[in-house]
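# Tertiary structure, described
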Amino acid sequence: MADQAQEQAIDKANLYLSEARWRRDDQAERHEALNRRLNTLFALNFAVLAVLGASLRFGELVLPGFLEYLIYSTIFVLVFNIGLLLWAYRVGRGSRRPDLDALRTVATGVHPYEVVILWTVREILMAMDANEERIFTKGQWVTRAMITSVLAVLMVAAAASLALGFAEK
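Nothing here was measured: the structure is a model prediction, and the numbers come from that model.

Quick notes on the rules
Residues numbered from 1 in each chain as written. Predicted model: local features only at pLDDT ≥ 70, side-chain atom pairs only at ≥ 80, totals over all residues. Heavy atoms only, no water. Helix = DSSP H or I, 4+ residues; strand = E, 2+ residues; numbered from the N terminus. Rg over C-alpha atoms; globule rule 2.2 N^0.38 Å. Buried < 20%, exposed > 50% of the residue type's maximum accessible area, 1.4 Å probe, protein only. pLDDT = per-residue confidence, 0-100. Phe/Tyr/Trp six-rings, centres within 6.5 Å; stacked < 30°, edge-to-face > 60°. Contact = heavy atoms within 4.5 Å. Patch = residues over 30% accessible without salt bridge, like charges linked within 9 Å, V, L, I, M, F, W, Y side chains within 5 Å. Areas by Shrake-Rupley, 256 points an atom, 1.4 Å probe, with all protein chains shown as cover. Salt bridge = Lys/Arg side-chain N within 4 Å of Asp/Glu carboxyl O. 1 Å grid on protein atoms, 1.4 Å probe; cavity = no way out; pocket = protein on both sides within 12 Å on 5 of 7 lines; lining within 4 Å. Points joined across faces, edges and corners; volume = space filled by probe spheres on them. Nonpolar A, V, L, I, M, F, W, Y, C, P; charged D, E, K, R; others polar.

## Topic: the overall build of the protein chain
Scanning the protein chain from terminus to terminus reveals four helices and zero strands. Along the protein chain, helices (α) and strands (β) appear in the sequence α-α-α-α when read from the amino end. Here the C-alpha atoms of the protein chain give a radius of gyration of 26 Å, more than 25% beyond the 15 Å that 2.2 N^0.38 yields for 169 residues. Considered along the principal axes of its C-alpha atoms, the protein chain spans approximately 95 × 25 × 20 Å. A total of 169 residues make up the protein chain; the buried ones form 33% of that total.

What follows is the structure in C-alpha cells.
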C-alpha cells in the first residue's frame, strides 16, 4: 500500500513537471515568434527603402520642396524604426532554469524523487515568471516597430506616387 501511494505521488509530480515543461516550451515559442516578426520587419524596412530609392531615381528628378521634406521625413521614420527594432532585439532570451549544476546536486543528493521533481518545477516556474516580463516588454517594442513600419510604408507610397506624378509632367 505504501508503494502504491509512493507511485501515485511520483506520477502526480511527473504530471506537474510535464505541464511546467510544456508551458516553458510554449513561452519559448512565443519569444521566437517575436524574433521572427522582428526579422520580417527588418526585411520590410530594407524593401521599403529600395522601393523609395527606385521610385525617386535619385538625381534625375527636380522635386518641389514639400516632397523633399516628405522624403526626408520618410527616411527619418525608417531610421527610427530600425532603432526600435534594434531596441527590441536587445531584450534577451531570458532565463532557462534550473541551473544544470544545481539540478545535478539536488538529483544526486539524498532527496526523494518527487522532491527533486517539485524543486525542478519550482525552478522552471521562477524562470517563467522572470521571462514573462521580458516577453511582454519585447512585444511592446515589436508593436511599436510594426506601427512605424506601417507609417513608413504609407509615407513611401505617398512620396513615390507624388514623385512619379511630378516625373510625368
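From this point on, the discussion continues.
## Describing the confidence of the model for the protein chain
Mean pLDDT over the protein chain stands at 86; residues scoring 70 or higher make up 93%. Per-element mean pLDDT across the protein chain ranges from 84 in helix H3 (residues 100-107) up to 89 in helix H2 (residues 65-90).

## Quick look at the packing of aromatic side chains
In total, this model carries three aromatic pairs according to the counting rule given. Relative to Tyr89, the ring of Phe42 has its centre 5.6 Å away and its plane inclined at 20°; by these criteria the two rings are stacked. Taken together, the positions of Phe42 in helix H1 (residues 2-56) and Tyr89 in helix H2 put the pair 47 residues apart, joining distant regions of the chain. By relative accessible area, Phe42 is classed as buried at 17%.

## Observations concerning the side chain of Asn81
When you line up the elements, Asn81 lands in helix H2. You can call Asn81 buried: its relative accessible area is 0%. The residues contacting Asn81, other than those within four sequence positions of it, are Asn45, Ala145, Thr148 and Ser149.

## Points about unusual backbone geometry
Excluding glycine, residues mostly have negative phi values, and the peptide bonds linking residues are mostly trans. Backbone torsion omega between Arg97 and Pro98 reads 10°, so that peptide bond is classified as cis. Mapped onto the secondary structure, Pro98 falls in the loop between H2 and H3.

## Some details on a nonpolar patch on the surface
A cluster of nonpolar side chains, Phe46, Leu49, Tyr69, Tyr72, Ile75 and Val79, forms an exposed patch at the surface whose accessible area comes to about 650 Å². Only H1 and H2 provide two or more residues apiece to the nonpolar patch. For the nonpolar patch, the element with the highest residue contribution is H2, accounting for four residues. Position of Tyr69 relative to the elements: it lies in helix H2. When its relative accessible area of 59% is taken as the criterion, Tyr69 is described as exposed.

## Quick look at the layout of surface pockets
A volume near 160 Å³ is recorded for the largest pocket. Along its surface, the largest pocket is lined by Arg24, Gln27, Ala28, His31, Arg93, Gly94, Ser95, Arg96, Asn131 and Ile135. Elements that contribute at least two residues to the lining of the largest pocket include exactly H1 and helix H4 (113-168). Ranked by residue count, the leading element in the lining of the largest pocket is H1, at four residues. The residue makeup of the lining of the largest pocket, split by class, is two nonpolar, five polar and three charged.

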